[in-house]
Amino acid sequence: MRKTEDGGRDAGGGGRSTAGGTRDAGSDERNTAGGARDAGSGWRKAAGGARDARSSRRRTARGVRRLGRAGGPALLWRVVLATALLCLIGLLPWLSRTDPALTVLKARSAERTPAPEALAAVRTQLGLDHGPLHLLGQWTGGLLRGDAGQSWISGEAVLPSVAQSLGVSLLLMSGALVVAVLTAGAVCARTLWLGSRRRLSGRRRARGGAAIFAALPEFLTASVLATVIGVHLGWLPALGWYGPQWMVLPSVSLGLPAGALLGRLLDDLLPGAYAEPWARAAAARGIPGGRVARQALRRCVPALLPNLGLFLVGLTGGAVAVEQIFDIPGLGRTTLQAAVAQDLPVLQAGTLALVLLAAVAGGLFRIAARLTTGPALRDGALPTLHSPVPPAPSRLPLLYGGLLLGVILLGLARDPLALDTAARLQAPSSAHLFGTDALGRDVLARVGHGALHTLALAVGISAFALVAGVLLGLVPRFSGPLLDTLNAIPPTLAGLVVAGVAGSGAATPAIAVAAVAWVPLAAHTAALLLQERATLHLTATRSLGAGRFHQLRRHLLPAVLVPVTRHALLRLPSVALALAALGFLGLGAQPPSPEWGLLLAENQPYAERAPWALLAPAAALALLGALAVTAAGGVWTPRSSRRGLGRGRGLGPDEPPRAAEARPAARELVTAGTTAR
Amino acid sequence: MRSVRPRPLIAGLLVAPLLTGCFAAKNDSSGGTAGGARLKVALAFPPSENFSPYGADATLLSRLGVTEGLTKLDANGTAAPSLAASWQQENDRSWLFTLRQADFQDGSRVTPAAVASALTHAGKAKPVTAALSGASLTAEPVGKDRVRITTADPDPALPLRLSSPGLAVLSAKAYGKGDKVSPVGTATGPFELTKSTGASAATLDRFDDYWGGLARASGVDARFIADGTARTNALRTGDVDIAEAVPVSQAASLDKGHARETATARTTALQLNTEKGAFKDPGLRAAARAAIDTSALAKDVYEGHADTGKGIFGPALNWADGKRTEPKGRAKPKAPGGQTITLGTYDNRPELPEVAQVLKQQLQKAGFKVKLEVRESSRIEGDALEGKFDAFVGARNTMLDTGDPVSVLASDYTCDGSYNLSLLCDSSVDKAVEKAENTADTAKRQDATMAAEARILGTDAVVPLVHQRIITGVGGSVRGEILDPYERTLIGTGTGAGTRR
């Protein structure tokens, strides 16, 4: 019995075991009360006897104390992280041994000859001779008085300009959010509709269409939209930031890939929600499908909210390419410029603004998640949210994989480095199947040869990110502030910091990308775990005397690993892109290497004249994304096809008792309890 | 059951109006008063120092027709009258400039005292303006329309130096408290800077009392768009009338007749490290020079928007070609035998990495092993100046702020030059450059300059690759834009956007 109590505390965080609470949690909607109350009573039958009033009071008191304890250290940890980050930025020029006087002089005037007396004048003007600690102290002192210093380049006050660009970025971000939500809605609309009409069973999922969109580089969408809609059709303004109609194209370029990704993740969760008893009960009761769909969304969205928050904050400081293409005076460009020129006051103020934004947004999204599933979480009364039927194995991965492999093999037979400037920007022909690039190199050859390097590195980093993300996701109180802070850092700045600390070696770009790649995965893991810990079957497991380790190994990890792995696969293309973005700083692949990210970057100026040179690597990345996603759903083989068919026909999500086949033990017990009258 | 989902939505809707303050302020083009439409211009480089007249922003002000100096450069690269109507040399250190009758934009007269004060302020600027680096001058008013300028060392090129945008003449009002200098309403050019919106836009109105007559355009709305494709798109959508510095990759997307080309003084060259590594050996330098085919670069990489490299000075200096002599004292090419070299360049100009990749292949065919390194320019220049690369590809404006072609030879190729990428230290080169510096007569100075160029090319420390042309995108109705090979002017009194509106 003691053991059970321990487990209960762990999961619920001081949960009450009153009947009201349970009922509240079990039924997301009063209308479904019939089925849900059954679920509640079943739950009580299975696990409720373990508590008495005394231990409940004790638990409540402990919960309050723990809340206090958790709030204090978390805040402290947040402050420590932000301070460390700002100090690191303040030390950056000294760490990387790049003379700030030179970069500042160059930023002021690119043509200026760096004569020693000019450099000395800049040094005196900025007070660089006093050393980094003095400067940092001065800046902090000013900050306490509400003065973030003056830009080293323009000499203007930093705060107004950073505030202005932050405002622009926030507006852009909200536009992107709208597009992302619409896109995500479109991606999972089919599942949502079918599920609400209980016609999900046996349908094939994971088509990879959304994955292709998720793998689209933002700058590619932006270039295409600016050229086609802005210039050729003239429907919407393509340049500047003067009013709502200027927001459309940039918001679409940013929101589309992110929305596709989130939609894909949501699409994975929805069938699980529809398989829950309340949904069945609602259907039996004749509740309108729309209402069921709304509750299913409410059931699934909390798991994604942290990721949505990360996406928004990351976008505020990281939308550099889109800001450049559409000429938007946002924070991404401001910080990038400051990072390159080592304009420390602007860089510090910009980063501080982003970190604060991250903390606020993180808090808001956590509150939103708490509001949507709060009572159920507290009472540990969530049903498990997993698709009762493993997705039907499909032939699609074979198709995508075959295509990709074919392209790579064809490309490997050609020379990726042979220049022929006379044959530049040639359209696809029999001699050059994918055309040629700006230097007359065969694009097919470059895509093929770049595959190995790109894939090996991206897969390696993604694997690391998966492991790190899951491990850190297990300790959300430690990793929460860490991931909020890391996510707020613009990617170039992360690259510079890593290069400053680790030197500009061959491994630096991989470290820089890996250092932030785990963040969304950890957030996803933490969100899923939070829900998983509050599930009924876990409570039952605990009541049967399972220890923490057993729970983790047999229940929590298996439940979390599948969706998070799929998430990691979905992000594979963006890892490859992030690697390429660092090439700009002299980190990462150098030309003429045919690395895919580099291919995209070097062909970007020719997007309009030679779209094939850009589309080929982009399509390869998209294929990779689609392959990764569809393959995660199982690959069709003659044997699996028979099994899949049988399952598809015989057992649908509508029949949960058999769904427990997937993972027996405790869940069986819970579901058995649930259906018992 | 409480329903909480709509709340964030409502909150978002409430916040949205607050955020609309976050749009950039649009230049309203309603200021078009009597005659002439306003001209909309997209410039490549935003003001980096809030329009300080001593740094790079000085060129910006001069290009927009805001500021003027005592002299200006004419098409031949010689000094021509601007605010000074004439000048004469009194002795080897002292010059007397006679001012023309002109007004500042704040209504005050351009007096000798005001000119002397402006030049004195420029000399005290920190860091010193590029035109005065390594030189110092004092200016004093003489009588009611003359200014005497005395230099510390003999300076035969002083009138050229004074044409620098960094030595523009501003009224007393510009020099307020502290070291901030404001060109708003204090310059003498045909257009007056009235408003600037950070680094994104600037508004200029016509200055009706300009000494050179009334400008055609009633004002200028300048936008600073750093991205080349975006700048070109702005012209294509008709958002702007003139787009400067259209990238080579975008030139083909402009309609016929909308891209105007000018030869510039900008030379892309391969600098070979003469101090250490493979290229310490003059024979290998000669081999590298022989291996490079510059015509492929001009024709293909620059798509014909460049001339093949003939020397350090390109066709923008129209006298240079006629006076060029054969390089002297070149070594015999040696077989490279698989020597490994590192080739550095920067990617701020998108053509440079492409040039470097073509060079890599050409050098590899000749027997070198080449490693390429591309970085952002401010992150590679320090290493390049320290000699960490065996070879470096860079684009260099050979007409520096001093307006004097000899100064680029002095700073780039002499022992104590401050931008000596090839780390060249050769006594015969130093002597030849010094001779050119000390020659006063224009024709003889040009001869001496070309003799020094031949000396430098003789060492094979530098391989000129191409002389760039600048492409200016011009809308259909625009007339009278100034295509300046020295990139100091763009808009003048005759520039206007035709008959629209």
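The paragraphs below set out a description of the structure included in this document. (Residues numbered from 1 in each chain as written. Chains lettered and ligands numbered in written order. Predicted model: local features only at pLDDT ≥ 70, side-chain atom pairs only at ≥ 80, totals over all residues. Heavy atoms only, no water.)

1. Some points on the state of the cysteines
Simply put, the disulfide is a covalent bond whose two ends are the sulfur atoms of two cysteines. Tallied over the entire structure, the rule returns one disulfide over all chains. Put simply, B:Cys415 and B:Cys425 are joined by a disulfide, and their sulfur atoms are 1.9 Å apart. Across the disulfide from B:Cys415 to B:Cys425, rotation about the S-S bond amounts to roughly 100°, and the bridge is consequently right-handed. Taken together, the positions of B:Cys415 in the loop between helix 12 (405-413) and helix 13 (427-437) and B:Cys425 in the loop between helix 12 and helix 13 put the pair ten residues apart, joining distant regions of the chain. A:Cys188 supplies the cysteine sulfur nearest to A:Cys300, a cysteine that is in no disulfide, at a spacing of 8.9 Å. (Disulfide = S-S within 2.5 Å. Helix = DSSP H or I, 4+ residues; strand = E, 2+ residues; numbered from the N terminus.)

2. Description of helix 20 (residues 491-502) of chain A
Residue and element names in this part refer to chain A. Counted at 1.5 Å a residue, the expected span for helix 20 with its twelve residues is 16 Å, and the 16 Å between its end C-alpha atoms agrees. With respect to burial, helix 20 is a largely interior element, nine of its twelve residues being buried. Two residues or fewer after helix 20 comes Gly 503, characterised by a positive phi angle close to 80°. (Expected span 1.5 Å × (residues − 1). Buried < 20%, exposed > 50% of the residue type's maximum accessible area, 1.4 Å probe, protein only.)

3. Notes on the interface of chain B and chain A
Listed by partner, the interface residues are 62 residues for chain B and 75 residues for chain A. Where chain B packs against chain A, one counts six salt bridges. The set of elements that each furnish at least two residues to the side of chain B that touches chain A consists of strand 10 (219-224), helix 5 (228-236), helix 6 (248-251), helix 8 (294-301), helix 10 (351-365), strand 15 (369-375), helix 11 (377-385) and strand 16 (391-397) of chain B. Class assignment of the residues belonging to the side of chain B that touches chain A gives a composition of 24 nonpolar, 16 polar and 22 charged. (Contact = heavy atoms within 4.5 Å. Salt bridge = Lys/Arg side-chain N within 4 Å of Asp/Glu carboxyl O. Nonpolar A, V, L, I, M, F, W, Y, C, P; charged D, E, K, R; others polar.)

4. Topic: the side chain of B:Thr472
Residue placement: B:Thr472 occurs in strand 17 (residues 462-474). Apart from the residues lying within four places of it in its own chain, the contact partners of B:Thr472 are B:Ile242, B:Ala243, B:Glu244, B:Val246, B:His258, B:Ala259, B:Arg260, B:Leu483 and B:Leu490.

5. Considering the side chain of A:Ser169
Residue and element names in this part refer to chain A. One can find Ser 169 in helix 8 (residues 158-196). Polar contacts involving the side chain of Ser 169 include one to the main-chain amide nitrogen of Leu 331, which spans 2.7 Å. Apart from residues no more than four positions distant in its own chain, Ser 169 is found in contact with Thr 316, Glu 323, Gly 330, Leu 331 and Gly 332. (Polar contact = N/O pair within 3.5 Å; in protein donor to acceptor, adjacent residues only side chain to side chain.)

6. Description of the packing of helix 18 (residues 443-473) of chain A against helix 25 (residues 596-603) of chain A
Helix packing for two helices is described by the angle between their axes and how far apart those axes are. All names here are of chain A. Running from N to C, helix 18 and helix 25 point in directions that differ by 130°, and their axes come no closer than 8 Å. Between helix 18 and helix 25, the angle falls in the class oblique. Contact residues: helix 18 offers Arg 446, Val 447, Gly 450, Ala 451, Thr 454 and Leu 455, while helix 25 offers Trp 596, Leu 599 and Glu 602. Here the residues of the contact of helix 18 with helix 25 are counted per class, giving five nonpolar, two polar and two charged. (Axes fitted to C-alpha atoms, helices over the stretch in contact; angles between N-to-C directions. Parallel < 35°, antiparallel > 145°, perpendicular 65-115°, else oblique.)

7. Points about the environment of A:Pro520
All names here are of chain A. Mapped onto the elements of the fold, Pro 520 is located in helix 21 (residues 508-533). Residue classification places Pro 520 among the buried residues on the basis of a relative accessible area of 11%. With 47 residues separating them in the primary sequence, Pro 520 and Gly 473 have C-alpha atoms 9.6 Å apart. Dropping the residues within four chain positions of it, Pro 520 is found in contact with Asn 307, Leu 310, His 567 and Arg 571.

8. Details of the packing of aromatic side chains
Two aromatic rings, taken as a pair, are described by how far apart their centres are and by the angle between their planes. Going through the model one piece at a time under the given rule, you end up with eight aromatic pairs over all chains. The interplanar angle of 90° and the centroid separation of 5.4 Å between the aromatic rings of A:Tyr242 and A:Trp246 together place this pair among those described as edge-to-face. For A:Trp246, a relative accessible area of 14% corresponds to the buried category. Through pairs of rings, three or more aromatic residues link up here, namely B:Tyr346, B:Phe389 and B:Phe392. (Phe/Tyr/Trp six-rings, centres within 6.5 Å; stacked < 30°, edge-to-face > 60°.)

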